[in-house]
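Descriptive analysis of the structure
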Amino acid sequence: MVWEQTSKESMTKFLSLYSSSSGNSILISNDDTNILIDAGVSAAKISASLNEAGIDPETIDAILVTHEHSDHISGIRVLSKKYNIPVYANAPTMEGVLKSAPSLAPGLAHIISASNIYDIRSMRVKPFVTPHDSAASFGYVIESDDKKYAVATDTGCITKAMLSALAGCEAVVIEANHDVKMLSDGTYPYPLKRRILSDT
(Lines give C-alpha, C1' and ligand atoms only; values in the text may rest on other atoms or scores of the structure.)
Protein backbone atom coordinates (compact mmCIF):
# COMPACT_ATOMS: atom_id res chain seq x y z
CA MET A 1 0.00 0.00 0.00
CA VAL A 2 1.25 3.46 -0.86
CA TRP A 3 -0.21 5.56 1.92
CA GLU A 4 -2.33 5.15 5.02
CA GLN A 5 -4.05 7.62 7.30
CA THR A 6 -5.79 6.52 10.48
CA SER A 7 -7.42 8.61 13.15
CA LYS A 8 -6.63 8.08 16.83
CA GLU A 9 -10.18 9.09 17.72
CA SER A 10 -11.77 6.58 15.35
CA MET A 11 -11.19 3.24 13.74
CA THR A 12 -11.38 4.60 10.19
CA LYS A 13 -8.65 3.63 7.75
CA PHE A 14 -8.07 5.67 4.60
CA LEU A 15 -5.60 3.86 2.34
CA SER A 16 -4.26 4.43 -1.14
CA LEU A 17 -3.84 0.90 -2.50
CA TYR A 18 -2.73 2.00 -5.99
CA SER A 19 -2.10 5.45 -7.44
CA SER A 20 -0.59 6.01 -10.89
CA SER A 21 -1.46 6.12 -14.57
CA SER A 22 -1.17 2.32 -14.40
CA GLY A 23 -4.08 2.06 -12.00
CA ASN A 24 -5.85 3.62 -9.02
CA SER A 25 -7.77 2.27 -6.04
CA ILE A 26 -8.43 3.73 -2.60
CA LEU A 27 -9.97 2.04 0.44
CA ILE A 28 -11.90 3.67 3.24
CA SER A 29 -12.78 1.30 6.05
CA ASN A 30 -14.22 1.39 9.55
CA ASP A 31 -15.49 -1.25 11.97
CA ASP A 32 -18.42 -2.35 9.79
CA THR A 33 -18.11 -0.71 6.35
CA ASN A 34 -15.54 -1.07 3.59
CA ILE A 35 -15.67 1.06 0.44
CA LEU A 36 -13.35 1.10 -2.56
CA ILE A 37 -13.02 4.22 -4.65
CA ASP A 38 -12.07 3.03 -8.14
CA ALA A 39 -10.66 -0.35 -9.13
CA GLY A 40 -8.14 0.42 -11.84
CA VAL A 41 -5.87 -2.60 -11.51
CA SER A 42 -6.68 -6.29 -11.69
CA ALA A 43 -9.04 -7.86 -9.18
CA ALA A 44 -6.21 -10.17 -8.11
CA LYS A 45 -3.94 -7.23 -7.25
CA ILE A 46 -6.68 -5.38 -5.38
CA SER A 47 -7.62 -8.54 -3.47
CA ALA A 48 -3.98 -9.07 -2.49
CA SER A 49 -3.63 -5.45 -1.30
CA LEU A 50 -6.86 -5.68 0.68
CA ASN A 51 -5.68 -8.88 2.36
CA GLU A 52 -2.36 -7.17 3.16
CA ALA A 53 -4.33 -4.35 4.78
CA GLY A 54 -6.32 -6.84 6.86
CA ILE A 55 -9.54 -6.48 4.85
CA ASP A 56 -11.30 -9.54 3.43
CA PRO A 57 -12.29 -8.69 -0.19
CA GLU A 58 -15.63 -10.39 0.45
CA THR A 59 -16.47 -7.63 2.95
CA ILE A 60 -16.25 -4.76 0.44
CA ASP A 61 -19.65 -3.04 0.51
CA ALA A 62 -19.35 -0.80 -2.56
CA ILE A 63 -17.12 0.46 -5.34
CA LEU A 64 -17.47 4.18 -6.06
CA VAL A 65 -16.26 5.15 -9.53
CA THR A 66 -14.71 8.58 -10.14
CA HIS A 67 -14.71 8.30 -13.96
CA GLU A 68 -14.57 5.76 -16.77
CA HIS A 69 -10.88 5.84 -17.78
CA SER A 70 -9.27 2.41 -17.74
CA ASP A 71 -6.81 3.22 -14.94
CA HIS A 72 -9.85 3.67 -12.68
CA ILE A 73 -12.15 0.82 -13.78
CA SER A 74 -10.13 -2.05 -15.29
CA GLY A 75 -10.64 -4.36 -12.29
CA ILE A 76 -14.32 -3.61 -11.68
CA ARG A 77 -15.91 -6.37 -13.77
CA VAL A 78 -14.07 -9.26 -12.12
CA LEU A 79 -14.04 -7.74 -8.62
CA SER A 80 -17.76 -6.94 -8.63
CA LYS A 81 -18.74 -10.32 -10.08
CA LYS A 82 -16.47 -12.40 -7.84
CA TYR A 83 -17.49 -10.72 -4.58
CA ASN A 84 -20.98 -9.46 -5.54
CA ILE A 85 -20.01 -5.83 -4.93
CA PRO A 86 -22.39 -3.00 -5.91
CA VAL A 87 -20.87 -0.35 -8.20
CA TYR A 88 -21.90 3.32 -7.90
CA ALA A 89 -21.33 5.97 -10.60
CA ASN A 90 -23.10 8.83 -12.33
CA ALA A 91 -25.02 7.96 -15.51
CA PRO A 92 -22.38 8.94 -18.13
CA THR A 93 -19.64 7.20 -16.14
CA MET A 94 -21.74 4.07 -15.66
CA GLU A 95 -22.29 3.96 -19.42
CA GLY A 96 -18.50 3.86 -19.83
CA VAL A 97 -18.16 1.22 -17.12
CA LEU A 98 -20.76 -0.99 -18.79
CA LYS A 99 -18.99 -0.70 -22.15
CA SER A 100 -15.84 -1.98 -20.47
CA ALA A 101 -17.68 -4.48 -18.24
CA PRO A 102 -20.88 -5.46 -20.10
CA SER A 103 -21.33 -8.53 -17.90
CA LEU A 104 -21.70 -6.42 -14.75
CA ALA A 105 -24.85 -7.70 -13.09
CA PRO A 106 -27.69 -5.17 -13.56
CA GLY A 107 -28.61 -5.34 -9.90
CA LEU A 108 -25.08 -4.25 -8.96
CA ALA A 109 -25.03 -1.07 -11.09
CA HIS A 110 -26.30 1.98 -9.19
CA ILE A 111 -26.66 5.45 -10.76
CA ILE A 112 -25.91 8.36 -8.41
CA SER A 113 -25.87 12.14 -8.74
CA ALA A 114 -23.99 15.03 -7.17
CA SER A 115 -27.24 16.46 -5.81
CA ASN A 116 -27.83 13.59 -3.38
CA ILE A 117 -26.21 12.02 -0.33
CA TYR A 118 -25.99 8.22 -0.03
CA ASP A 119 -25.70 5.99 3.02
CA ILE A 120 -23.65 2.83 2.57
CA ARG A 121 -23.92 0.98 5.85
CA SER A 122 -22.39 3.29 8.49
CA MET A 123 -20.75 5.66 5.99
CA ARG A 124 -22.31 8.67 4.29
CA VAL A 125 -21.20 9.45 0.72
CA LYS A 126 -21.51 12.84 -0.97
CA PRO A 127 -20.36 12.99 -4.62
CA PHE A 128 -19.12 16.25 -6.12
CA VAL A 129 -18.21 17.27 -9.66
CA THR A 130 -14.53 17.49 -10.64
CA PRO A 131 -13.07 19.00 -13.85
CA HIS A 132 -11.58 16.25 -16.02
CA ASP A 133 -11.78 15.30 -19.70
CA SER A 134 -13.99 12.30 -19.11
CA ALA A 135 -17.73 11.73 -19.55
CA ALA A 136 -18.55 13.20 -16.11
CA SER A 137 -15.97 13.01 -13.34
CA PHE A 138 -16.83 12.79 -9.63
CA GLY A 139 -14.91 13.19 -6.42
CA TYR A 140 -16.28 11.83 -3.15
CA VAL A 141 -16.57 13.03 0.43
CA ILE A 142 -17.13 10.18 2.85
CA GLU A 143 -18.20 10.63 6.45
CA SER A 144 -17.07 7.94 8.87
CA ASP A 145 -16.91 8.02 12.66
CA ASP A 146 -17.96 11.70 12.63
CA LYS A 147 -15.05 12.70 10.40
CA LYS A 148 -14.88 13.55 6.71
CA TYR A 149 -12.47 12.12 4.14
CA ALA A 150 -12.31 12.94 0.45
CA VAL A 151 -10.91 11.79 -2.88
CA ALA A 152 -10.49 14.07 -5.90
CA THR A 153 -8.33 12.45 -8.57
CA ASP A 154 -7.49 13.62 -12.10
CA THR A 155 -8.60 17.18 -11.45
CA GLY A 156 -7.54 19.77 -14.03
CA CYS A 157 -8.08 22.65 -11.61
CA ILE A 158 -9.58 23.40 -8.22
CA THR A 159 -13.06 24.91 -8.34
CA LYS A 160 -14.99 26.79 -5.65
CA ALA A 161 -17.42 23.88 -5.47
CA MET A 162 -14.52 21.50 -4.84
CA LEU A 163 -13.10 23.74 -2.10
CA SER A 164 -16.49 23.81 -0.45
CA ALA A 165 -16.80 20.01 -0.65
CA LEU A 166 -13.31 19.45 0.75
CA ALA A 167 -13.58 21.95 3.61
CA GLY A 168 -13.27 20.38 7.04
CA CYS A 169 -11.95 17.01 5.87
CA GLU A 170 -9.67 14.99 8.12
CA ALA A 171 -7.68 13.89 5.05
CA VAL A 172 -7.89 14.35 1.29
CA VAL A 173 -6.35 12.42 -1.59
CA ILE A 174 -5.91 14.88 -4.44
CA GLU A 175 -3.80 14.43 -7.54
CA ALA A 176 -1.00 16.88 -8.28
CA ASN A 177 1.26 15.17 -10.75
CA HIS A 178 3.06 17.63 -12.98
CA ASP A 179 5.48 20.53 -12.81
CA VAL A 180 4.76 23.19 -15.45
CA LYS A 181 8.42 23.88 -16.32
CA MET A 182 9.33 20.18 -16.48
CA LEU A 183 6.28 19.57 -18.66
CA SER A 184 7.07 22.43 -21.06
CA ASP A 185 10.73 21.37 -21.33
CA GLY A 186 9.91 17.67 -21.63
CA THR A 187 9.51 15.38 -24.61
CA TYR A 188 5.72 14.91 -24.60
CA PRO A 189 3.98 15.76 -27.89
CA TYR A 190 2.42 19.23 -27.97
CA PRO A 191 -1.23 17.99 -27.91
CA LEU A 192 -0.52 15.97 -24.75
CA LYS A 193 1.18 18.97 -23.11
CA ARG A 194 -1.90 21.08 -23.89
CA ARG A 195 -4.17 18.43 -22.39
CA ILE A 196 -2.15 18.22 -19.17
CA LEU A 197 -2.03 22.01 -18.81
CA SER A 198 -5.76 22.46 -19.45
CA ASP A 199 -8.43 22.96 -16.78
CA THR A 200 -9.70 19.44 -17.46
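To be clear, the structure that these remarks concern was listed above.
Below, the structure is looked at part by part. As a convention, each chain's residues are numbered from 1 in the sequence order in which they are written. In keeping with the model being predicted, local features are shown solely for residues with a pLDDT of at least 70 and side-chain atom pairs are shown and tallied solely at 80 or more, while totals for entire chains, interfaces and linings include all residues. Note: side-chain values were computed over all heavy atoms of the structure, leaving out hydrogens and water.

This paragraph deals with the overall build of the chain. We count a stretch as a helix when DSSP gives it H or I for four or more residues in a row; a strand needs E for two or more, and each element gets its number in order from the N terminus. Broken down by element type, the chain carries seven helices and twelve strands. Radius of gyration: over C-alpha atoms. The globule rule applied is 2.2 Å multiplied by the number of residues raised to the 0.38 power. In summary, the chain has a C-alpha radius of gyration of 16 Å against a globular reference of 16 Å for 200 residues, a match within 12%. Split into buried and exposed, the 200 residues of the chain put 48% on the buried side. Two residues form a contact once any of their heavy atoms are found within 4.5 Å. Taking the contacts inside the chain whose residues are at least 6 apart along the sequence as the reference set, 49% of them involve residues at least 24 apart. All accessibility values rest on the Shrake-Rupley procedure with a 1.4 Å probe; residue burial counts only the protein chains present in the view. Carbon together with sulfur atoms contributes 52% to the accessible area of the chain, which is approximately 10000 Å² in total. Only protein chains enter the accessibility calculation, which uses a 1.4 Å probe; a residue whose area is less than 20% of its type maximum is buried, one above 50% is exposed, and one in between is partly exposed.

In this model, Asn-84 sits at a positive phi of 55 degrees, which is unusual for a non-glycine residue. Even without glycine at this site, Asp-146 takes up a positive phi of about 65 degrees. Within the element layout of this structure, Asp-146 appears in the loop between β10 (138-144) and β11 (147-152).

Axis definition: a line fitted to C-alpha atoms, over the contacting stretch in the case of helices. Angles run 0 to 180 degrees between N-to-C directions. Where helix α1 (residues 43-52) contacts helix α3 (residues 76-83), the two axes come as close as 8 Å, and the packing angle between them is 60 degrees. One element, α1, and the other, α3, form an angle in the oblique class. For the pair α1 and α3, contact is made by Ala-43, Ile-46 and Ser-47 and by Val-78, Leu-79 and Tyr-83, respectively. An angle below 35 degrees is treated as roughly parallel, one above 145 as roughly antiparallel, one from 65 to 115 as roughly perpendicular, and anything else as oblique.

As a further point, take the pattern of salt bridges. For side chains bearing opposite charge, pairing can occur when the charged atoms are close. The term salt bridge refers to a pairing of a side-chain nitrogen on Lys or Arg with a carboxyl oxygen on Asp or Glu at a separation within 4 Å. Summed over all chains, the structure comprises five salt bridges. We note a salt bridge from Arg-124 to Asp-119, for which the minimum N-O separation is 2.7 Å.

What follows covers a nonpolar patch on the surface. Like charges within 9 Å and nonpolar side chains (Val, Leu, Ile, Met, Phe, Trp, Tyr) within 5 Å are joined into patches, using only residues over 30% in relative accessible area that form no salt bridge. A surface patch of nonpolar side chains, about 330 Å² in accessible area, is lined by Ile-158, Leu-163, Val-172 and Ile-174. By the element assignment, Leu-163 lies in helix α5 (residues 160-166). Judged by its relative accessible area of 53%, Leu-163 is exposed.

So, about the side chain of Ser-25. Along the polypeptide, Ser-25 turns up in strand β3 (residues 23-29). One polar contact links the side chain of Ser-25 to the main-chain carbonyl oxygen of Asp-38, over a distance of 2.9 Å. Not counting chain neighbours up to four residues away, the residues in contact with Ser-25 comprise Leu-15, Ser-16, Leu-17, Tyr-18, Leu-36, Ile-37, Asp-38, Ala-39 and Ile-46. Any pair of nitrogen or oxygen atoms within 3.5 Å is treated as a polar contact; in protein, a donor-acceptor pairing is required on top of that, and neighbouring residues in sequence qualify only through side-chain atoms on both sides.

Our next topic: the sheet that holds strand β12 (residues 171-174). Taken together, the five strands give an open sheet; going across it, the order is β8-β9-β10-β11-β12, and neighbouring strands pair in mixed fashion. The open sheet has two edge strands, β8 (118-120) and β12, and neither has a second partner. For this sheet the average axis-to-axis angle between neighbouring strands, irrespective of direction, equals 20 degrees. Whether two strands pair comes down to DSSP finding at least two bridges between them. Direction of pairing for β11 relative to β12: parallel, over a ladder of four bridges. Each bridged residue has a counterpart across the sheet, and for Val-151 the counterpart in β12 is Val-173.

This part is about the pairing of β10. Counting buried positions along β10 gives six out of seven residues, so the element sits mostly inside the fold. As defined by bridge partners, strand β9 (residues 123-129) adjoins β10 across six bridges and the pair is classed as antiparallel. Within the sheet, the bridge partner assigned to Pro-127 lies in β10 and is Tyr-140. By the bridge criterion, five bridges tie β10 to β11 in an arrangement that is antiparallel. If you follow Ser-144 over to β11, its bridge partner there is Lys-147.

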